[in-house]
Amino acid sequence: SRYYREVLPGEIVKISRHDVQTLDVVRRPEGDPSAFCIFEYVYFARPDSIFEGQMVYSVRRRCGQQLAIEAPVEADLVSTVPESATPAALGYAQKCGLPYVEVLCKNRYVGRTFIQPNMRLRQLGVAKKFGVLSDNFKGKRVVIIDDSIVRGNTISPIIKLLRESGAKEVHIRVASPPIRFPCYMGINIPTKEELIANRPEFHDLANYIGADSVVYLSVEGLVSSVQESIKARQDNNPKSQKSFIGKLGHCTACLTGDYPVELEW
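Model, not experiment: these values are computed from the prediction.

Engineer: If you had to explain unusual backbone geometry to someone new, which residues and values would you point to?
Structural biologist: Residue P82 is joined to E83 through a cis peptide bond whose omega torsion reads -5 degrees. The topology assignment puts E83 in the loop between β6 (77-80) and α3 (86-96). Phi angles above zero are rare outside glycine, and E52 is one such case at about 50 degrees. As for its position among the elements, E52 is in the loop between β4 (50-51) and β5 (54-55). Owing to a relative accessible area of 5%, E52 belongs among the buried residues under this scheme.

Engineer: Talk me through the confidence of the model for the chain; I want residue IDs and the actual numbers.
Structural biologist: Predicted coordinates in regions of low pLDDT should not be interpreted in detail. For the chain, per-residue confidence averages 89 on the pLDDT scale, and residues scoring 70 or more make up 89% of the total. Here residues 241-245 is a poorly scored stretch, pLDDT under 50, and it has 14 contacts once near neighbours within four places are set aside; other chains count.

Engineer: Would you mind going over the nonpolar core in detail, with residue names and values included?
Structural biologist: Among the nonpolar cores identified, the biggest contains 33 residues, and V78, Y92, I145, I179 and L222 are the most heavily contacted of them. Those elements that provide at least two residues to this core are α1 (38-44), α2 (56-70), α3, β9 (141-146), α7 (219-236) and α9 (253-256). Apart from the residues within four sequence positions on either side, L222 is in contact with I38, V42, C63, P177, L217 and L255. Among the nonpolar cores identified, the runner-up in size contains 27 residues, and V103, I159, I209 and Y216 belong to it.

Engineer: Report on the packing of α2 against α7, specifying residues and quantitative values.
Structural biologist: At a closest axis distance of 9 Å, the pairing of α2 and α7 adopts a crossing angle of 135 degrees. In terms of axis orientation, α2 runs oblique to α7. Crossing geometry of α2 relative to α7 is assigned as right-handed. Contacts between α2 and α7 involve V59, R62, C63, Q66 and E70 from the first element and G221, L222, S225, V226, E228 and S229 from the second.

Engineer: Could you give an account of the packing of aromatic side chains, naming the residues involved and the relevant values?
Structural biologist: A complete count under the given rule lists seven aromatic pairs for this structure. On the basis of an interplanar angle of 40 degrees and a centroid distance of 5.4 Å, the ring pair of Y184 and Y259 is categorised as tilted. With Y184 in the loop between β10 (169-174) and α6 (205-209) and Y259 in the segment after α9, the pair connects residues that are 75 residues apart, well separated along the chain. Taken together, the aromatic side chains of F36, Y41 and F51 make up a single cluster linked through ring pairs.

Engineer: Can you lay out the environment of E74 for me, pointing to particular residues and giving the numbers?
Structural biologist: Within the fold, E74 resides in the loop between α2 and β6. With a relative accessible area of 63%, E74 lands in the exposed category. Residues in contact with E74, not counting those within four places in the same chain, are R141, E169 and H171.

Engineer: Account for the pairing of β9, with residues named and values stated.
Structural biologist: Counted residue by residue, β9 has five buried out of six residues, so it is predominantly covered. Judged from the four bridges that link them, β6 and β9 form a sheet pairing that is parallel. Opposite S79, over in β9, you have I144 as the bridge partner. Between the parallel pair β9 and β10, the chain is carried across by helix α5 (residues 155-164), and the sense of this crossover is right-handed.

Engineer: Report on the sheet that holds β6, specifying residues and quantitative values.
Structural biologist: Reading across from one edge, β6-β9-β10-β11 is the order of the four strands in this open sheet, with parallel pairing throughout. Taken across any chain shown, the strands that pair with only one partner, and hence form the sheet edges, are β6 and β11 (213-216). Averaged over neighbouring strand pairs, the angle between their axes works out to 25 degrees when direction is ignored. Contacting β9, β10 and β11, α2 crosses the sheet at an angle of about 120 degrees to β11.

Engineer: Outline the side chain of T80, supporting the account with residue identities and numerical values.
Structural biologist: For T80, the position within the fold is in strand β6. A distance of 2.9 Å separates a polar side-chain atom of T80 from the backbone oxygen of I145. Leaving out residues up to four positions away in the same chain, T80 has contacts with A85, T86, A89, Y100, V103, L104, I144 and I145.

The rules we used
- Residues numbered from 1 in each chain as written.
- Predicted model: local features only at pLDDT ≥ 70, side-chain atom pairs only at ≥ 80, totals over all residues.
- Heavy atoms only, no water.
- Helix = DSSP H or I, 4+ residues; strand = E, 2+ residues; numbered from the N terminus.
- Buried < 20%, exposed > 50% of the residue type's maximum accessible area, 1.4 Å probe, protein only.
- pLDDT = per-residue confidence, 0-100.
- Contact = heavy atoms within 4.5 Å.
- Core = buried A, V, L, I, M, F, W, Y, C linked by side-chain atoms within 4.5 Å.
- Axes fitted to C-alpha atoms, helices over the stretch in contact; angles between N-to-C directions.
- Parallel < 35°, antiparallel > 145°, perpendicular 65-115°, else oblique.
- Left-handed = near helix turned anticlockwise from the far one by under 90°.
- Phe/Tyr/Trp six-rings, centres within 6.5 Å; stacked < 30°, edge-to-face > 60°.
- Pairing = 2+ DSSP bridges.
- Right-handed = clockwise from strand over helix to strand, strands pointing away.
- Polar contact = N/O pair within 3.5 Å; in protein donor to acceptor, adjacent residues only side chain to side chain.

What follows is the structure, encoded as structure tokens:
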């Protein structure tokens, strides 16, 4: 298989063995910006996916670089919880001039913890999910890059695991802003009460999860990381790019509460 092109927003295509035909394009109201889900870039999509003419992996690496600008820290090495945040961790390490070192390896025989039905099962899942590469970080100050912290349950046992295995300090840097609001556009985000960013513990999150420090990427930093190369291409070739993605825009509702359409209840 090979990459052909993206389906445009509102486009209905017919794919046959001969070609790809556009049957119709449902146009958005004049002047309305596009509102592509920004969390596709942060977490949901495969890193080799291409959206809006750019590879998701490259966006995640830029998020890590931006995070290094916004939240540097005195440390010895940068790592990640394998493996969705790896591109961001590599970007952070590169920008900070610190080595990227693996501290955990994944147990390939255990499923996703995100979908476990309760907190205890999720935490047990985490303990079984990773092996510790303690020789790589014993006595050292570690920065762990995560792509998102939703409930705060998954990262906590990981920090405990690293400390028990000899990490001197564990600093958490999150390559996306805190999720605070529900998604009404079809993404199954936990209830407002479950989100760690809305709980009292968030005011002292580092202490709550057992880290030396926690800093999230800003909303502005995420948006600029996502839009940087799209804007560059638009500037270089205004006609083709603007007709391709329309007026530039991304949905950040789960981060800001600013929904792209009027809610009807």
